[in-house]
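Here are the chains, one letter per residue:
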Protein chains: 2
Amino acid sequence: MSSITVPPPKCLQKTFVAPRRHMFGPGPSNVPPRILAAGAEPIIGHMHPEMLEIMSDIKSGIQYAFQTQNNMTIAVSGTGHTAMECAIFNAVEPGEGVLTAVNGIWGERAAEMAERIGARVNSIVTTAGGYFTSEEIDRALAKHKPVLFFLTHGESSTGVVHPLDGIGDICHKHNCLFLVDCVASMGGAPLHMDKQGIDILYSGSQKVLNAPPGTAPISFSERACQKVFNRKTKPVSFFLDMTWLANYWGCDGKPARIYHHTAPVSAFYSLRESLAILAEQYVKYIADCHMLYCKTKPSDPLKHSFFHMLPTVTTIVAPPGYDWKEITSYIMKNHNLEISGGLGPSVGQVLRVGLMGGNSSKASVDMVLEALRDALRYCHKSKV
Amino acid sequence: MSSITVPPPKCLQKTFVAPRRHMFGPGPSNVPPRILAAGAEPIIGHMHPEMLEIMSDIKSGIQYAFQTQNNMTIAVSGTGHTAMECAIFNAVEPGEGVLTAVNGIWGERAAEMAERIGARVNSIVTTAGGYFTSEEIDRALAKHKPVLFFLTHGESSTGVVHPLDGIGDICHKHNCLFLVDCVASMGGAPLHMDKQGIDILYSGSQKVLNAPPGTAPISFSERACQKVFNRKTKPVSFFLDMTWLANYWGCDGKPARIYHHTAPVSAFYSLRESLAILAEQYVKYIADCHMLYCKTKPSDPLKHSFFHMLPTVTTIVAPPGYDWKEITSYIMKNHNLEISGGLGPSVGQVLRVGLMGGNSSKASVDMVLEALRDALRYCHKSKV
């Protein structure tokens, strides 16, 4: 191999050991040993019978987590953003209208994705931390006549959990599909895909599910399937084309599975295990998730500062006079614990504490509160 | 939670243990314990300093594996198909010309991907197992004037390794970028991105690298960057937009990393470890990869049946008179060993044996040959 011109890199000779951290930001959350162990099982083929059974189990687990009977329920081989594109790419054709509700970063990103594929995009916008009334949504749908309405259930950038009841019916009255992002809320805030009339719902693996990032549950209602599978044009992505994915996941009723792509086998092991834990713990997770909020007494200096109550990601107004970066750095350095600052429109305004799935325990809440109080004592109020 | 209408699925109560198999098909290949252990390290944040260091290590490892100095070298948070779309989505604008070389399944898929984003697609086509001369490529480029030429280095569906020398120069003479798929060849067949004038090169994690599927190395030459970063339109995918990914991977020279998506942290741990092993073993891998071919004697009944020599995936003409499915099933059942049939244009015509990375050992070769001979003895020749 005298022809090698780029030598083996020295940096790869170092053994990597991940630091142990309390992952109490908005995600990824700590992955429990049981899920890590599942992901470390030996590899099998992406179309071996055992793998198809795992995919079937994952489908059942997502149906439970989403509270849906939808047959068209799968996990996308990618992150939450991939699922977001999967939803928009499949549901929308060029020139069709999309309405996005923007009250944080996710509505903005959905709008950008829809624009890129040539959709006619309108947005309703409110301040970071705000939400939309049914009347506002109804008026905007009547005005813009979109084929798809995007709403974020758990807006992780601002800590808002958006009410969902009734919005599906409003969308359907306007012959519009209701697309909901529940990446940051699923499993931590009550959610009922079927009862709430949600047509497309997607999430991520690295929040309440406590699996590594890299897989993303998604489900399509019968109404959504009617649109997705009767398009005039092909979706821009072959990889995310639901016609192919429906077959790969055994959702299209055809006897033979056709090779589409090589699924992330190990990540599906982890996802299956995380859904198994969710099936055992869901009721407890939902109950525990409000703990950080409830635990702080009305007299607590932190209490007054909560935004709207997304149970999974508690958003606290950045304490006035402090440099928020100094607070998060102090807590990482002295408590080995991640909490994070704002994102998108909330940058500089808030601190975000994620206590998701197995992380939403009394011990974690105490640890976060102690770390926050400690940081407020030792960080320099005068700096900003 | 009386409002739950979909009960917890019983199938998730079963403990999943993956069967132990010799993964000697065209991929995924067996993942060695060292890589499985790396993937099971505790999770950290996708933008923690240690993660950025891992990404930097991955970049160095890919530069070595690709034999390139390209700064714009990253891993895509997805499978080989995702990297394929990343290359095409970023390099091509609607209405521009793409030429694909079709001698198996991958050229067809590249053509389909380019068509979906509104490119003007032409193909040169040869029979499954065939390849293209420089003159044929030169003539087709002169005729169709594409901005991008797609060629598969290791065509895993037919076992052809395509010659690369000189093709980059021909492409550049026609002001065309040279895009190469090395998913099935990288690390097992000699490859020199810079010397061979390849402008965009991508691979997958689950072949010679022996990592789980789900991450995909990709690199862009300076010439490719000139086109990718001077587009008139945005790529159809936000998730795969190289302007965002270049920043996320610290390749754009800007001091601050902006949140784009949540990378598959655990999968990047595995990928880093697999690249560390490749850096140690590359020379041996390249040498060992021809073993199955060399090991069979000229007088061997299997010898005559090889197609062209892709060292990683040895393609054997399906023995006449046998049902190939009976052979692969017999070997899976009696030898706990996966080899596979054809794919796309080679279905029913060939058996495919992948001995990749750590799997390309003398012991594996003996195991495969023994299993094949055993199957030929016991399967029913009369059936077809």
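Note that the structure is predicted; figures quoted are calculated from it, not measured. Residues take numbers from 1 onward in each chain, read along the sequence in its written order. Each chain is given a letter, starting from A, and each ligand a number, starting from 1, according to the order in which they appear as written. Per-residue local features are limited, in this predicted model, to residues with pLDDT of at least 70; the limit for side-chain atom pairs, both in listing and counting, is 80 or more; totals at the level of whole chains, interfaces and linings are taken over all residues. The basis for the side-chain values is all heavy atoms of the structure; hydrogens and waters are excluded.

## Structural notes on the pattern of salt bridges
By definition, a salt bridge exists where a carboxyl oxygen of Asp or Glu is found within 4 Å of a side-chain nitrogen of Lys or Arg. Within the structure shown, the criterion is met by 32 salt bridges over all chains. Linking K14(A) and E53(B) is a salt bridge whose minimum nitrogen-to-oxygen distance equals 2.9 Å. In this pair, K14(A) is assigned in the segment before β1 (22-23) and E53(B) in helix α2 (residues 49-66), connecting two distinct chains. Ionic pairing is found between E112(A) and K234(B), a salt bridge with its closest N-O pair at 3.2 Å. Pair noted here: E112(A) is in helix α4 (residues 105-116) and K234(B) is in the loop between α7 (222-228) and α8 (242-248), and the two residues belong to different chains. Overlapping salt bridges, with partners in common, bring together R34(A), D57(A), R272(A), E273(A) and E280(A) in one network. Helix and strand labels come from DSSP, where a helix needs a run of H or I of at least four residues and a strand needs a run of E of at least two; each type is numbered from the N terminus.

## Thoughts on the UniProt feature "modified residue: N6-(pyridoxal phosphate)lysine" (unreviewed entry) in chain A
Residue and element names in this part refer to chain A. The UniProt record marks K207 with the feature "modified residue: N6-(pyridoxal phosphate)lysine" (unreviewed entry), using the residue numbering of this structure. The residue K207 is located in the loop between β9 (200-202) and β10 (216-220) in this model. When a residue's accessible area, from a 1.4 Å probe over protein chains only, is under 20% of the maximum for its type it is buried; when over 50% it is exposed; and in between it is partly exposed. Exposure remark for K207: the relative accessible area of 9% places this residue in the buried category. It only takes one pair of heavy atoms within 4.5 Å for two residues to be counted as in contact. With near-sequence residues (within four places) excluded, K207 lies in contact with P26, G27, S29, V183, A184 and M356. There is a polar contact of 2.6 Å between the side chain of K207 and the backbone oxygen of P26. UniProt positions are given in the numbering used here, feature names are shortened, and annotations may be inferred rather than shown by experiment. N or O atoms within 3.5 Å of each other form a polar contact, as long as, within protein, one can give a hydrogen and the other can take it, and as long as residues adjacent in sequence are counted only when both atoms are side-chain atoms.

## Some points on the confidence of the model for chain A
Of all residues in chain A, 93% have pLDDT values of 70 or greater, and the mean over the chain is 92. Overall fold confidence for the complex sits at a pTM of 0.95, while the interface term, ipTM, reaches 0.95. Per-residue confidence from the predictor is reported as pLDDT, which spans 0 to 100.

## Quick word on the domain arrangement of chain A
All names here are of chain A. For chain A, the assigned domains read domain 1 (22-27 + 287-378) and domain 2 (33-276). Each domain span listed reflects an automatic or database assignment of domains. On a C-alpha basis, the centroid separation for the pair domain 1 and domain 2 is 28 Å. Reported buried area values correspond to the accessible surface (1.4 Å probe) lost by two parts on association, with both partners' losses combined. Summed over both sides, the interface of domain 1 with domain 2 buries roughly 1,600 Å², with 65% coming from carbon and sulfur. Where domain 1 meets domain 2, there are zero salt bridges. Taken together, domain 1 and domain 2 are joined by nine residue pairs in polar contact (both at pLDDT 80 or more).

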